[in-house]
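Observations on the model geometry
Residue strings, one per chain:
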Amino acid sequence: MDIERTLAALTLPEKAALVSGKKSWYTAAIDRLDIPALMMTDGPSGLRKQTADSGTTNINDSVQAITYPAAALSASSWNTDLLRQLGEHLGTEARAEQISLLLGPGVNLKRSPLGGRNFEYLSEDPLVAGELGSAYVQGVQSQHVGVAVKHFAANNRENQRFTASSDMSQRTLRELYLRTFEIIVKSALPATVMTSYNKINGTLNSQNRRLLRSILRDEWGFHGAVMSDWGAVANNVQALRAGLDLEMPGQGQASVDSIIRAVETGELDEGTLNKAVRHLLHIIENWLPADHHDTYDHAAHHDFARHVADDSIVLLKNRHQELPLTAKNAGNLVVVGELAAQPRYQGSGSSHVNPTNLVTPLMALQNSELTANYYPGYRLDQSETDDSLAQAALEAAKSADHVIIFAGYPENTESEGFDKTSLMLPENQGELIGSLAKVNDHVTVVLQNGSAVEMPWINSVDAVVETYLAGEAVGEATWDIITGKVNPSGHLAETFPRRLTDTPMAPTFGQDPHHERYTEGVFMGYRYYDTHEMHVLFPFGHGLSYTTFEYTNMAITENEHGATVSFDLTNTGDRPGQAVPQLYVANHASHVPMPTKELRAFTKVAVAPGETKPVTLKLTRRDFSWWCEGKARWQADTGDYEIMIGDSSRDIRLQTKLTMDFKNSPAPVTMETYLTTIVQDPRLRDIFQATVLAPKYAGENNFLAATDENGNLALLQDQMFLNMPLRAVIALGGPAPLIADFIAAANERKS
């Protein structure tokens, strides 16, 4: 396609049609110019391609597709190679269905565990979400299928999501809620970005020029198209002026007429409309589907879904090495819980997939090496205890050698479209877990859930296995971990607090229908819990293995651009395993509130028993930076930092201090500069000593040059004086001419 010639040939009505969606899932076709329609579909964890005559609200009316683990689980792999392969599999399936744009990944941060859509998002940390999201995007687009990275930006609650404003400081926005998108845009070059429903600081995101133009395009260099979430546009003309390219699903002729009228009246410059059309023409040219249907091996893709779950399931607790269970040590095994027979394996809403081959835990048990008796124990469709079901399970548990109970949130308690109200399991499940633990000392809890769970029963059970929403191979993957066929290597990408009330936003989350106030600032997730030294149920980055790992021989080389951190990783157990080394940085150089540590790099390493592997992680200048609102830029400060290597944010294995010199242009010295700043800077201290404190000025009524009985300058020993700006020193009788000379000399020296 000759983009410019095609653009010149389009009529105003045709341009207006191109920037307005058609038939729920398509861009407009312009038959006169042979411009085809592109189809898009939901699909963060599997295709939800709807049949031609289905409505957008019927989530079950879609083609059969492989149901992969939800992002909450796949992110727990911390495995960028795996996420890239996941993207490749999804891209292959989308290409086979002649899909041009796959709507995903969802990369909003898990600010509160009550977020109704947390199952669809990757992490509470922008680096984890950014790196894994980038790998996913690269994988999908390698198969000639574009993506729509969503939801841009700060869409962290579902209640009133169409109208609520996410209100926060610019530093919070930059360091957390925009950072993930920045990583993906710059490293993975996504075809499109999807705007979210909400506002940021009062401005609707689909009409936010600063967000869509100044930051996304001008600053980050995004060259793709910007589309809206479905129904997110309040005014399509204002949205176009702000930088939106495509309204989805569009309001048919009403959307087209609105644009035509705005151009004709001068409300919308046609050049602005042309920019949007040009972006869409490039998308149409670059992501056209093949003119034939490809095929793929459904069985092989199902096996890959099992592999993703295997690599991601998190062993949260394993007291006394309760797991793995094998045919030799399981003995009389009892399995409890209706979720074993009717598992919760995927999220609800736009990510709902019609699976090709759902294998439940009970079905998979029949093909495992274990044998067990099964008891439902509770009913999923109610929260009250069914005494007959509970008693049957308890009686069986009394004589069992091991009990495994499947528990989790019912589908109707967490979904797109509304937020949760509690982190507790339904009452009948919680009571049953506690009762089972009273009659049996060997209880394992297998969780099926979309987000964090409170566990008042945690000290009563031996093992907890977090499967989140594990996809259509949930049964096979669950037993792979329990039996030790696969050594667990998943690590939490979010913190599990002990109680909902421990979360920093507990008093305010969702309380105001019009505003969500991010009063915690950058202290969200582990940044909050670790800084406040709060007890948590399970920390960010936590995950157990059936083997053990040792970290040794840490070494660091640094320069003004960053640092390289190397260490040795040894498998000290008797099983092959995968470790997830996490590199955290503590900033002691910057004079602004800082979390006690922040994740700055990670990797996943497979290590054989007894093997030692060298690991190298790199830090850039950006990894030492914070967003300075006064200067509207990233700032890296010269000074002291701590480098930590850990197995979680609370399990630090190696730690050392590091002094970085970023050779910044120092701030000018003014009357507002404090004496403590001058004394701590060797260059400034020397100038101050020479121009203000020199002995030759002692007789000029310069109280600053006074000395104590030992001949030391008294000023430098007095914290009260050091905590004063130069203007206050003058107000107290300091020598104004000498201080003026110092300021002039200091700024000349600094320049």
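Only a predicted model underlies this, so the values are computations on that prediction, with no experimental measurement involved. (Residues numbered from 1 in each chain as written. Predicted model: local features only at pLDDT ≥ 70, side-chain atom pairs only at ≥ 80, totals over all residues. Heavy atoms only, no water.)

Secondary structure summary: the protein contains 22 helices and 28 strands in total. In terms of C-alpha radius of gyration, the protein reaches 30 Å, essentially the compact-globule figure of 27 Å for 751 residues. Along the three orthogonal principal directions, the C-alpha set of the protein runs to about 95 × 75 × 45 Å. Of all 751 residues assigned to the protein, the portion counted as buried reaches 61%. Pairs at least 24 residues apart make up 76% of the contacts formed inside the protein by residues separated by at least 6 positions. For the protein, the accessible surface area stands at approximately 28800 Å², while carbon and sulfur atoms represent 48% of it. Taking the 62 positively charged and 90 negatively charged side chains of the protein as two groups, their mean positions are separated by 5 Å. (Helix = DSSP H or I, 4+ residues; strand = E, 2+ residues; numbered from the N terminus. Rg over C-alpha atoms; globule rule 2.2 N^0.38 Å. Buried < 20%, exposed > 50% of the residue type's maximum accessible area, 1.4 Å probe, protein only. Contact = heavy atoms within 4.5 Å. Areas by Shrake-Rupley, 256 points an atom, 1.4 Å probe, with all protein chains shown as cover. Lys, Arg positive; Asp, Glu negative; His and termini not counted. Charge placed at Lys NZ, Arg CZ, Asp CG, Glu CD.)

Another aspect to go through is the packing of aromatic side chains. Taken as a whole, this structure holds 19 aromatic pairs when the rule is applied. Ring centres of Y177 and Y518 lie 5.2 Å apart, and the angle between their planes is 90 degrees; this geometry places the pair in the edge-to-face category. Of the two residues, Y177 sits in helix α6 (residues 170–177) while Y518 sits in the loop between β17 (515–517) and α17 (526–531), which places them 341 residues apart along the sequence. Overall, Y177 belongs to the buried group, its relative accessible area being 3%. (Phe/Tyr/Trp six-rings, centres within 6.5 Å; stacked < 30°, edge-to-face > 60°.)

Turning next to unusual backbone geometry. Most peptide bonds are trans, and most residues other than glycine sit at a negative phi. Along the chain, G104 connects to P105 via a cis peptide bond; the corresponding omega equals 5 degrees. Structurally, P105 can be placed in the loop between β3 (101–103) and α5 (126–141). Cis peptide bonds are those with omega within 30 degrees of zero, and the linkage from K150 to H151 qualifies with 0 degrees. Looking at the secondary structure, you find H151 in strand β4 (residues 146–152).

With that out of the way, let us pick up the environment of T172. Within the secondary structure, T172 sits in helix α6. You can call T172 buried: its relative accessible area is 2%. Linking T172 and F523, residues 351 residues apart in sequence, is a C-alpha distance of 8.8 Å. Setting aside chain neighbours within four positions, we find T172 in contact with Y177, G521 and V522. At 2.8 Å, the side chain of T172 and the side chain of S169 are in polar contact. (Polar contact = N/O pair within 3.5 Å; in protein donor to acceptor, adjacent residues only side chain to side chain.)

Moving on, we get to the side chain of S545. Locating S545 in the fold gives a position in the loop between α17 and β18 (549–559). A polar contact is formed between the side chain of S545 and the side chain of N487, at a distance of 3.1 Å. If we ignore the near neighbours within four places in the chain, the residues touching S545 are N487 and P488.

Bringing the sheet that holds strand β13 (residues 372–375) into the picture now. Spatial ordering of the open sheet is given by β10-β16-β15-β14-β11-β13, a layout of six strands whose pairing is mixed. Because the sheet does not close on itself, it has two edges, and the strands there are β10 (314–318) and β13. Within the sheet, the average angular offset between the axes of one strand and its neighbour, ignoring direction, is 15 degrees. Of the pairings in the sheet, the one linking strand β11 (residues 333–336) to β13 comprises four bridges and is parallel in character. Residue pairing across strands places L333 opposite A372, the latter belonging to β13. (Pairing = 2+ DSSP bridges. Axes fitted to C-alpha atoms, helices over the stretch in contact; angles between N-to-C directions.)

Attention now goes to the sheet that holds strand β24 (residues 612–620). The antiparallel open sheet is built from three strands, whose spatial order is β18-β19-β24. Because the sheet does not close on itself, it has two edges, and the strands there are β18 and β24. For this sheet, the mean angle separating the axes of adjacent strands, direction not counted, is 20 degrees. Of the pairings in the sheet, the one linking β18 to strand β19 (residues 562–571) comprises nine bridges and is antiparallel in character. Each bridged residue has a counterpart across the sheet, and for E550 the counterpart in β19 is T570.

Counting residues in each nonpolar core, the largest one holds 184 residues, and the members touching the most others are F152 and M455. If you tally residues by element for this core, the top one is α5, at eight residues. With residues near it in sequence (within four places) discarded, F152 still touches L178, F181, V193, M194, T195, S196, N205, L211, L212, L216 and W220. By size, the runner-up hydrophobic cluster in this structure holds 25 residues, among which are L583, I643, I645 and M660. (Core = buried A, V, L, I, M, F, W, Y, C linked by side-chain atoms within 4.5 Å.)

Any link to function would need more than the numbers given here.
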